[in-house]
Amino acid sequence: MNTETIDRMVAELRGAFPDAKTAEDGNRTLVRLPVVPFPKGCTPDETEALVVLTPGAAQPELYVKVIPMRPDGGVPRSTGTTSVGGESWCTFSFSVPWDENRHTAMQFVLARLGRFVRNE
Amino acid sequence: MSDLQVRIPSDVLQNLRNGLGQAVVGREPVLFGLASHADTGRGRLVLVREMVTPPETAFLPSAGHGARWKGAYMIELLNRALAEKLGILIFHSHGRFDPAHGTSHAVRLSLDDQQSASALLPRFQSVAPHRPHGSIVLAGRSAAGVVLMPGSRVFEESFSTRVFTNTMITSPRAGTKDELHLLERQPIAANRIVERILRDTTVAVVGLSGGGSQVVPQLAALGIGTIIGIDNQRVDRGNLYATSRLGWLDLALRRKKMSVAKTAAWWVNPRSQFIGVDARVPQPAALDAVKAADVVVGCVNNVHARSDLMELCWRYCIPYVDIGFAATVNQPWEQANQPPLTGLPGNVFVGVPGGPCMWCTEFLTKQKLDAETEGRGRSYLRDEKDQDAYVLSFNGLLASQAVSEVLQLLVGYAPSGSQRTYRRFDGMSGSMLECMVRRKVGCDLCNSVLAAGDLVWS
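Cut-offs applied
- Residues numbered from 1 in each chain as written.
- Chains lettered and ligands numbered in written order.
- Predicted model: local features only at pLDDT ≥ 70, side-chain atom pairs only at ≥ 80, totals over all residues.
- Heavy atoms only, no water.
- 1 Å grid on protein atoms, 1.4 Å probe; cavity = no way out; pocket = protein on both sides within 12 Å on 5 of 7 lines; lining within 4 Å.
- Points joined across faces, edges and corners; volume = space filled by probe spheres on them.
- Nonpolar A, V, L, I, M, F, W, Y, C, P; charged D, E, K, R; others polar.
- Pairing = 2+ DSSP bridges.
- Helix = DSSP H or I, 4+ residues; strand = E, 2+ residues; numbered from the N terminus.
- Domains from an automatic or database assignment.
- Contact = heavy atoms within 4.5 Å.
- Buried area = accessible area lost by both parts, 1.4 Å probe.
- Salt bridge = Lys/Arg side-chain N within 4 Å of Asp/Glu carboxyl O.
- Polar contact = N/O pair within 3.5 Å; in protein donor to acceptor, adjacent residues only side chain to side chain.
- Axes fitted to C-alpha atoms, helices over the stretch in contact; angles between N-to-C directions.
- Parallel < 35°, antiparallel > 145°, perpendicular 65-115°, else oblique.
- Patch = residues over 30% accessible without salt bridge, like charges linked within 9 Å, V, L, I, M, F, W, Y side chains within 5 Å.
- Areas by Shrake-Rupley, 256 points an atom, 1.4 Å probe, with all protein chains shown as cover.
- Buried < 20%, exposed > 50% of the residue type's maximum accessible area, 1.4 Å probe, protein only.

## Structural notes on the layout of surface pockets
The computed volume of the second largest pocket comes to approximately 1700 Å³. Tallied by class, the residues present in the lining of the second largest pocket amount to 16 nonpolar, 17 polar and 13 charged.

## Notes on the pairing of strand β5 (residues 79–84) of chain A
Residue and element names in this part refer to chain A. Here β5 runs beside strand β6 (residues 87–92); their pairing, made up of six bridges, is antiparallel. When the bridges of β6 are listed, Thr-82 appears paired with Trp-89. Between the antiparallel neighbours β5 and β6 lie two residues, among them Gly-85 with a positive phi of about 60 degrees.

## Remarks on empty space enclosed by the protein
Residue and element names in this part refer to chain B. All chains considered together, the criterion is met by one cavity of 30 Å³ or more. When its volume is computed, the largest cavity comes out at roughly 60 Å³. Taken together, Ile-8, Phe-97, Pro-99, Leu-138, Arg-141, Ala-143, Thr-161, Val-163, Ile-169 and Ser-171 form the lining of the largest cavity. Among the secondary structure elements, those contributing two or more residues to the lining of the largest cavity are β10 (160–164) and β11 (168–171).

## What about the domain arrangement of chain B?
All names here are of chain B. By domain assignment, chain B separates into domain 1 (4–172) and domain 2 (184–448). Counting residues at the interface gives 19 residues for domain 1 and 28 residues for domain 2. Together domain 1 and domain 2 conceal approximately 1800 Å² of surface at their shared face, both sides included; 48% is due to carbon and sulfur atoms. Considering only the side of domain 1, the residues that lose the most area to domain 2 are Arg-42, Asn-166 and Met-168, jointly responsible for 35% of the buried surface there. If you look at where domain 1 meets domain 2, you find four salt bridges. The partner of Asp-294 in a salt bridge is Arg-162, with the nearest N and O atoms 3.0 Å apart. The tally of links from domain 1 across to domain 2 stands at 18 residue pairs in polar contact (both at pLDDT 80 or more). Breaking the side of domain 1 that touches domain 2 down by element, the ones donating at least two residues are α1 (10–21), β3 (44–52) and β10. Among the residues making up the side of domain 1 that touches domain 2, the classes are represented as seven nonpolar, six polar and six charged.

## Thoughts on the sheet that holds strand β7 (residues 133–140) of chain B
Residues and elements named next belong to chain B. Here we have nine strands laid out as an open sheet, ordered β9-β8-β7-β6-β2-β3-β1-β10-β11, and mixed in their pairing. In this open sheet, the two edge strands, each paired with only one partner strand, are β9 (155–156) and β11. Of the pairings in the sheet, the one linking strand β1 (residues 4–8) to β3 comprises four bridges and is parallel in character. When the sheet's bridge partners are listed, Val-6 is paired in β3 with Val-46.

## Observations regarding the packing of helix α1 (residues 3–16) of chain A against helix α2 (residues 105–113) of chain A
Residue and element names in this part refer to chain A. Look at α1 against α2: their axes get within 8 Å of each other, and the N-to-C directions meet at 75 degrees. As far as their axial angle goes, α2 and α1 are roughly perpendicular. Residues Arg-8, Met-9, Glu-12, Leu-13 and Ala-16 of α1 pack against Ala-105, Met-106, Phe-108 and Val-109 of α2. Among the residues forming the contact of α1 with α2, the class breakdown is seven nonpolar, no polar and two charged.

## Examining a nonpolar patch on the surface
All names here are of chain B. On the surface, Trp-248, Leu-249 and Leu-253 cluster together into a nonpolar patch covering about 380 Å² of accessible area. Residue position: Leu-249 is located in helix α8 (residues 248–252). Owing to a relative accessible area of 43%, Leu-249 belongs among the partly exposed residues under this scheme.

## Quick word on the interface of chain A and chain B
How big an interface is tends to be stated in terms of accessible area lost as the parts join. In this assembly, 24 residues from chain A lie in contact with 20 residues from chain B. Taking both partners together, chain A and chain B bury about 1700 Å²; carbon and sulfur atoms supply 53% of that area. Sorting the residues of chain A by area buried against chain B places Thr81(A), Ser83(A) and Gly86(A) first, and these three jointly supply 25% of that buried surface. The partner of Arg315(B) in a salt bridge is Asp25(A), with the nearest N and O atoms 2.8 Å apart. Between chain A and chain B we count five residue pairs in polar contact (both at pLDDT 80 or more) in total. Put simply, the parts of the chain that give the side of chain A that touches chain B at least two residues each are β1 (21–25), β2 (28–37), β5 and β6 of chain A.

Now the structure itself:
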C-alpha cells in the first residue's frame with residue numbers, strides 16, 4: 001500500500017464511521033472503529049475494530065475486540081490474539097483478496113468480517 | 001510518593017549526562033526531552049524518547065547563571081513535538097548529575113526555574129495538549145521539578161524518576177548517607193536499604209512452567225514485594241520432567257500453575273505478595289499485568305509471546321529478562337529411528353530500555369515468527385506438545401540466572417560498564433557464554449516503539 005491509498009482509506013473510514021479515531025504508531029496508521037457490525041446472525045452482533053495501515057504492506061490488517069459465534073452457533077476456527085500498540089486485539093483468518101486499486105475501505109472491512117458467516 | 005514516574009532509557013540518559021556535563025560559557029546547560037506518557041493502571045508514566053541538545057545559536061545572552069533561548073527555536077521545537085505527538089521536558093542541572101554515585105542532597109527548582117516553568121508549560125500544553133510537559137532539575141542522585149500532565153492544569157511536583165544503565169535506578173531512594181554508601185560498596189549484603197529496594201519492587205513472571213515455576217519462589221526468597229504470575233494452564237505430566245516445583249499431587253489435583261506458584265511463594269516468604277493472572281500474553285489481563293510491573297521475566301515457550309513481551313516492555317520502558325531452553329534433535333522426536341540428541345541450547349537475555357532488544361540480537365526475526373505459524377499469521381499460532389525430557393536441572397540453572405539478573409537490575413552488583421544483554425547456555429558443556437551485542441541502527445522496535453507509551457487517539 002502506498003501513502004495515497006492509506007490516506008484514502010483513512011478518509012473513507014472516517015466518512016463511514018464518524019466516531020472513528022486515528023493514531024500513529026511508528027510508521028503505521030491505526031484507525032479505531034468504535035462499533036462495526038458483524039454479519040447478521042452472529043453473536044454478539046457488533047464489536048470494536050481496528051484497521052492497521054502500514055506503508056509498503058500488501059494489504060491493511062483488521063482486528064476485532066471479540067470473536068463472535070457464527071449464525072449457525074459454531075465457533076470460528078483459526079482465531080488468535082495479538083498486541084497492537086500495547087493493546088490486546090483478536091485476529092482471525094480470512095481468504096478474501098484485496099486490491100488497493102479497486103476496493104474501498106468499507107469493502108475491505110465488510111469482506112473480512114463476512115468470513116464469520118462461513119464455517120471456517 | 002505520587003504515582004507519577006519519569007523514565008529515561010539508557011541511550012537518552014547518556015545524551016542527557018553528556019549534554020549537562022558540557023562546559024558552556026555564560027549560561028547553564030539546558031536540554032529538551034521529547035516525551036510520551038502512559039497510564040498503566042498502577043501508575044502514570046512520562047517516558048522520555050529523545051534528548052535534544054539545542055545549538056549554541058538557539059540561546060540568548062543571560063544576565064544570571066540561568067539560560068534563555070530564542071522564541072524561534074522554541075517554536076521549531078514545539079512544531080516538532082506536535083508533529084511527533086510528544087511533549088517537552090526542560091532539563092537542567094544544579095551541579096553534577098550522577099544517578100548511581102552522586103550525592104543524595106535533595107535538589108529543588110530555583111525561583112527563576114519555577115517562574116519560567118509557570119510561564120512556559122501552559123504554553124506548551126496549549127500547542128501540544130495530548131502529551132505531558134515539564135521542567136526538571138537534576139543534581140547528584142536527585143531530581144525535582146514540575147510536570148503538567150495532559151488534560152490537567154495542575155503542576156505536579158511529586159514524582160519519581162527511573163533511569164537505566166546496566167541497572168535500574170529509581171529516585172528518590174530512601175536511605176541515609178551511610179546506607180547509600182553501603183549499597184554502593186556491598187550491594188548484595190543483607191541490610192535495610194537492599195531489603196527496602198526489593199520489597200518495593202513488582203516483578204511479573206510470564207509463564208509458570210519449567211522456568212517460571214522455579215523463578216517465583218526464588219524471587220519470593222529475595223523478598224520481592226509483589227510477584228505477578230501470569231499463566232492460564234493446569235499442571236500436566238510433561239511439567240514434572242521440566243521443574244522440581246510442580247509435583248505429582250499438583251498433577252493429581254489438576255491444579256493451575258498459577259495456584260502452585262502462589263503456594264510456593266507463600267511457603268518461602270509470606271510477606272511477598274503473589275498476584276495470579278489467569279491469562280496468557282497477549283490477552284488483555286496479561287498485558288495489563290505486564291504494564292504494571294517494574295521488571296518482567298519471560299519464561300515462555302514461543303517466539304510470538306517473546307515478541308509481544310519485548311514490544312510491551314520497550315513501549316513502557318520496563319526491563320525484560322527472558323530465559324529459554326530446548327533439547328534439540330535434527331529430525332522430529334517421534335520418528336521410529338529415534339534421532340539422536342544434537343544440542344541443549346538455552347538463553348538468558350536481559351533487555352534494559354535503551355540497550356539492544358531481542359530484534360537487535362536477532363533472537364527475534366520475522367523468519368522465526370513466520371516459521372512458528374508456517375507463514376500464515378497469528379491466527380494459526382498453536383501450542384505444540386514437545387517431547388517430555390529431563391530438563392528440570394537446566395531450567396533451574398537458567399531460572400536462577402534470571403533471578404540474578406533481576407537482582408543486578410535492582411541493586412547493581414556487577415561492574416558499571418559490564419554488558420549483560422545476551423548469554424548463550426550450552427547444556428552439553430554446562431557453560432554460559434556472554435555474547436557482545438550492539439543495538440542495531442535500523443531496529444524498528446528500538447526506533448519506533450521504545451518509550452512510545454500509550455497511543456494518542458484523535
